[in-house]
Amino acid sequence: MLRRLSERINATDVVMFLIGGSILALVLVGSVATLTSGKYSAAQWFDLIVFGVALGGIYALIALGYTMVYGILRMINFAHSEVFMSGPFTAYFLADAWGRSGFLDENPVVCLLAIFVLAMAISLIVAVLLERIAYRPLRFAPRLVPLITAIGASFFLQYFFRGLYGPNIKPYPEIAALKPYLRFGDFRIQYVQILVIVAAALMMAGLQLIVQRTRVGKAMRAVAEDKQTAALMGIDVDSIIVLTFVIGGALAGAAGVLYALMFRQVSFIMGFIPGIKAFTAAVLGGIGNIPGAMVGGLFLGVIESLGPSLFLDGLGIPAPQQLKDAIAFTLLVLVLIFRPSGILGEKLAEKKA
Amino acid sequence: MKAKVLLFVVFVVAMAFVATACAPSAPAFTCTDKVGCVNIAPNDPIHVAYSMVLSGADATLGQDTKYGAEIAIDDKGGKVLGHAVKFDGQDDLCSAEGGQTAATKIAADKTVLAVIGTNCSSGAVPAAPIYTSAGIVIISPSNTAVVLTDPAKRQPFYFRTAHSDKFQGATAAKFVFAQLKLKNAAAIHDGSPYAQGLAQVFKETYEKLGGKMTAFEAISPDDKDMKPVLTRIAATKPEFLYYPIFIGAGASIAAQIRDVPGMEKVPMMGADGIFSPDFLKAGGKNTISMFHSSPDLSVMTGGYADFKAKYEKKYNTKVLAPFHAHAYDGMNIVIAAIEKVAVKDPDGTLHIGRQALRDAVAATKDFKGLTGNLTCDANGDCADPHIAIYQITQDNFSKLEMPSKPIWSEGGPDYKP
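Within each chain, residues carry numbers counting from 1 in the order of the written sequence. The lettering of chains begins at A and the numbering of ligands begins at 1, in the order of writing. Note on the predicted model: pLDDT of at least 70 is required for a residue's local features to be given, and 80 or more for side-chain atom pairs to be given and counted; whole-chain, interface and lining totals, by contrast, use all residues. With hydrogens and water excluded, all non-hydrogen atoms of the structure serve as input to the side-chain values.

Student: Got a minute to help me understand the pattern of salt bridges in this structure?
Tutor: Close approach of charged atoms lets side chains of opposite charge pair. Definition used for salt bridges: Asp or Glu carboxyl oxygen within 4 Å of a side-chain nitrogen of Lys or Arg. Scanning all chains against the criterion turns up 23 salt bridges over all chains. With its nearest N and O atoms 2.5 Å apart, the salt bridge here joins R139 of chain A to D238 of chain A. Residue R139 of chain A is located in the loop between helix 6 (108-135) and helix 7 (144-165), and its partner D238 of chain A is located in helix 11 (residues 237-263); the two are separated by 99 residues in the primary sequence. For D325 of chain A, the salt bridge is made with K277 of chain A, and the minimal N-O distance between the two is 3.0 Å. With D325 of chain A in helix 14 (residues 324-338) and K277 of chain A in helix 12 (residues 272-285), the pair connects residues that are 48 residues apart, well separated along the chain. When a residue's accessible area, from a 1.4 Å probe over protein chains only, is under 20% of the maximum for its type it is buried; when over 50% it is exposed; and in between it is partly exposed. On the basis of relative accessible area, D325 of chain A is assigned to the partly exposed category, the value being 22%. Among the charged side chains, a network of salt bridges with common partners joins K277, E304, K324 and D325 of chain A together with D223 of chain B. For the purposes of this entry, the term helix denotes a DSSP run of H or I that reaches at least four residues, the term strand denotes a run of E that reaches at least two, and both are numbered from the N terminus.

Below, the structure is given as structure tokens:
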């Protein structure tokens, strides 16, 4: 009996479980110590969670672009972070002009809609051009080739937009209508955060509806499963791929505007960090899996916002906020140890194997 | 017959000897420099490079110093010892990696005599040893981290015309404690040698004076979401927030701080890294009434008004950041040292010993620059430091201009709100 057990468990697994277990134990000890110290009020915890959910929603929207392209083309579109940047960076000029003239504060709804439409359109165009120029000619090349091309395209787009709009950061105007708070008792949410969370949720629900309930969605799923067979069934694979980039690009553009509204800064390198985070979120949730990207994004956002205060404060680590990225990536490692295919990745892994 | 030929040969050889001996040439230049010499042919330019941040959030910092150095060359009529001055370089992105890459590229070019840069201390830390081993003098117009001129770690070819943060951090702490009379402060840095060093000096001075640091937090320079860290700080109830970081993250803090409960009214102070109109643009209205420590431009000597007029005319902009005058002085120190050590052949060829050039820069004494009387000490600090405290007014904000008159400087009259 004992012998059989020792045959089934190898040394690597034991080490992995020890690492994972000790990290989990540290997290638990830290969280309990922080919570019992009473340093932060309930309202402050609530604030931290809201920041996390809002940021997570944005990560999720970007992550959808990574995951959809991966699902269909089996490649990581590293230029997606520049798709994310291009829309809001272009829409900045519209927002800034209206912000200066006061038109923005008089008609916030119309203006916001126009900014969203412009940003989504630009991001969408960039994404489609990217597919047409950089990826389609390489569709049957070895897998590393499009990956390298994507990195090259990413640099090209960054410096293209730098040349177009200049190297400095540009401030997004503040919209007065989004400044107030919704209060209930001690707790409060700023309108801009409500907008971000609601918009992200609506778009994700819409995407899920398209993919699961429409003919186009069915075609997308078919192409993701097997391109050749889908083509034999009469599906136009090329146009489905373009559609994937259209949806991914539009979502990234919208995410970019939400990001710009929350943090009020745009620049030609603004896509880099959120892009990496969103890619992490996509892997965390299970790359190629749409609900996985949503879960991964939200999870990452909340952990980043809450983690330093919750886990590390109690352990007495000085200046823990700078470790938020370390927490996020440790989490990624942990998930990959225990669930190599990501949080929701199992179903897909079976199909694609 | 044979003898005749022999005689002829001897004659020719003898004539050749006489000819060489009588030629009006000086003995050919032989390089005795420890590190090596740079030879500049008659029509070749004198090559000085820059390593500055020219893109991203802190681009104005680099542009400002580049303009300052260019005006120094213009003031020489574009020529030194009859040679044009070539001033080109690399965008070092204000990062350690960027500083290292730029240094490697620049050091590979054997014509480069000296470098003006880097802007950010994080870039200078890895770059200084590279320039030192290549024998290239580097003068930074805006590095202020204490560590760079620490006697134990100093690189012999590294110099700076900017002040060390030993002065800046202490001035800021004295202002908050003695002038604003606030006894509980919090600080945020971004882990860079500049920000961390400055925040550390602030903390030490402030605590020595009797103040209490309620929080000493760090973020990463690319962070945009400042609400979590500000919420953490709010829990410690500070009366003052000091964040000597860069424009990207600094503007995010300014933009978000008033939305965090407990931080609605807390006064803020930044340092010279964000003393730029770009910070006002990116940070928005919350930057009004914020304090800054920065070089005291009001004590700049005679030529400054002139210099400023040239700057504004040539580049069609108000001054972008606080270090243009330091760059101007740095470039002039380099030019003066080149003029001092260069050996000129009659045909105009220049020979410049690298070690000799370095020693000439190190020997700079009582140099009348825009920023004061500059004397390089044994550690490479050449600055004549004058730090003052500024406050952004409503008027500054609407014109997107940094204040030109300080509200307080050490030894000056008390601050009146």
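Once the structure has been displayed, the description carries forward.
Student: What should I look at first to understand the state of the cysteines in this one?
Tutor: The term disulfide refers to a covalent linkage connecting the sulfur atoms of a pair of cysteines. Residue and element names in this part refer to chain B. Note on terminology: pairs of cysteine sulfur atoms within 2.5 Å are recorded as disulfides. Following the criterion strictly, the structure yields three disulfides over all chains and no others. Note on cysteine connectivity: C31 is disulfide-linked to C37, with sulfurs 2.0 Å apart. Looking along the S-S bond of the C31-C37 disulfide, the torsion reads about 85°, which is the right-handed sense. For C31, a relative accessible area of 40% gives the class partly exposed.

Student: Teacher, can you tell me more about the packing of helix 12 of chain A against helix 14 of chain A here?
Tutor: To characterise two packed helices, one gives the angle between the axes of the helices and the distance between these axes. All names here are of chain A. The convention used is that axes are lines fitted to C-alpha atoms, helices contributing only their stretch in contact, and that angles between N-to-C directions extend from 0 to 180 degrees. Contact geometry for helix 12 and helix 14: axes closest at 10 Å, N-to-C directions at 25°. Viewed along their axes, helix 12 and helix 14 adopt a mutual orientation that is roughly parallel. Relative to helix 14, helix 12 is oriented so that their crossing is left-handed. Contacts between helix 12 and helix 14 involve I276, K277, T280, V283 and L284 from the former and K324, D325, F329, L331, L332, V335 and L336 from the latter. A per-class count over the contact of helix 12 with helix 14 returns eight nonpolar, one polar and three charged. An angle below 35 degrees is treated as roughly parallel, one above 145 as roughly antiparallel, one from 65 to 115 as roughly perpendicular, and anything else as oblique. Each helix crossing is assigned a hand: it is left-handed if the near helix lies turned anticlockwise from the far helix by less than a right angle, otherwise right-handed if that turn is clockwise. The contact definition used throughout considers only heavy atoms, calling two residues in contact when any of these lie within 4.5 Å. Residue polarity is assigned by list, with Asp, Glu, Lys and Arg as charged and Ala, Val, Leu, Ile, Met, Phe, Trp, Tyr, Cys and Pro as nonpolar; anything else, Gly included, falls into the polar class.

Student: When you look at the sheet that holds strand 6 (residues 137-140) of chain B in this model, what are you seeing that I'm missing?
Tutor: Backbone-to-backbone hydrogen bonds pair the strands of a sheet. The strands run either parallel or antiparallel. Residue and element names in this part refer to chain B. For two strands to be treated as a pair, DSSP must find no fewer than two bridges joining them. Pairing is mixed across the open sheet formed by six strands, whose spatial order is 3-4-2-5-6-7. The strands lining the two open edges of the sheet, one partner per strand, are strand 3 (79-80) and strand 7 (158-160). Looking at chain direction, strand 3 and strand 4 (residues 83-91) are connected through two bridges and run antiparallel. Residue pairing across strands places K79 opposite A84, the latter belonging to strand 4.

Student: How should the interface of chain B and chain A be read in this particular structure?
Tutor: On the side of chain A, 35 residues touch chain B, which itself brings 37 residues to the contact. Accessible surface is computed with a 1.4 Å probe, and the buried area is the amount of it that two parts give up when combined, taken over both parts together. In total, about 2,900 Å² of surface goes out of reach between chain B and chain A, with carbon and sulfur atoms giving 53% of it. At the junction of chain B with chain A, the criterion picks out two salt bridges. With its nearest N and O atoms 3.6 Å apart, the salt bridge here joins R162 of chain A to D91 of chain B. Throughout this description, a polar contact denotes any pair of N or O atoms lying within 3.5 Å of each other; where both atoms belong to protein, one of them has to be capable of donating a hydrogen while the other can accept it, and for residues adjacent in sequence the pair is counted only when both atoms sit in side chains. Here chain B is connected to chain A by 13 residue pairs in polar contact (both at pLDDT 80 or more). For the side of chain B that touches chain A, the elements supplying multiple residues, two or more each, are helix 2 (59-75), strand 9 (212-218), helix 7 (227-234), helix 8 (247-257) and helix 9 (277-283) of chain B.

Student: Any chance you could explain the sheet that holds strand 1 (residues 37-40) of chain B here in plain terms?
Tutor: Residues and elements named next belong to chain B. As summarised here, the arrangement of the three strands in space is 1-14-13, forming an open sheet in which the pairing is antiparallel. Only two strands of the sheet have a single partner each, and these edge strands are strand 1 and strand 13 (343-344). Relative to strand 14 (residues 350-353), strand 13 runs antiparallel, the two sharing two bridges. In the strand pairing of strand 14, K344 is matched with L350. Against the sheet, helix 12 (residues 354-362) makes contact with strand 1 and strand 14, and its axis sits at roughly 70° relative to strand 14, the strand it touches most.

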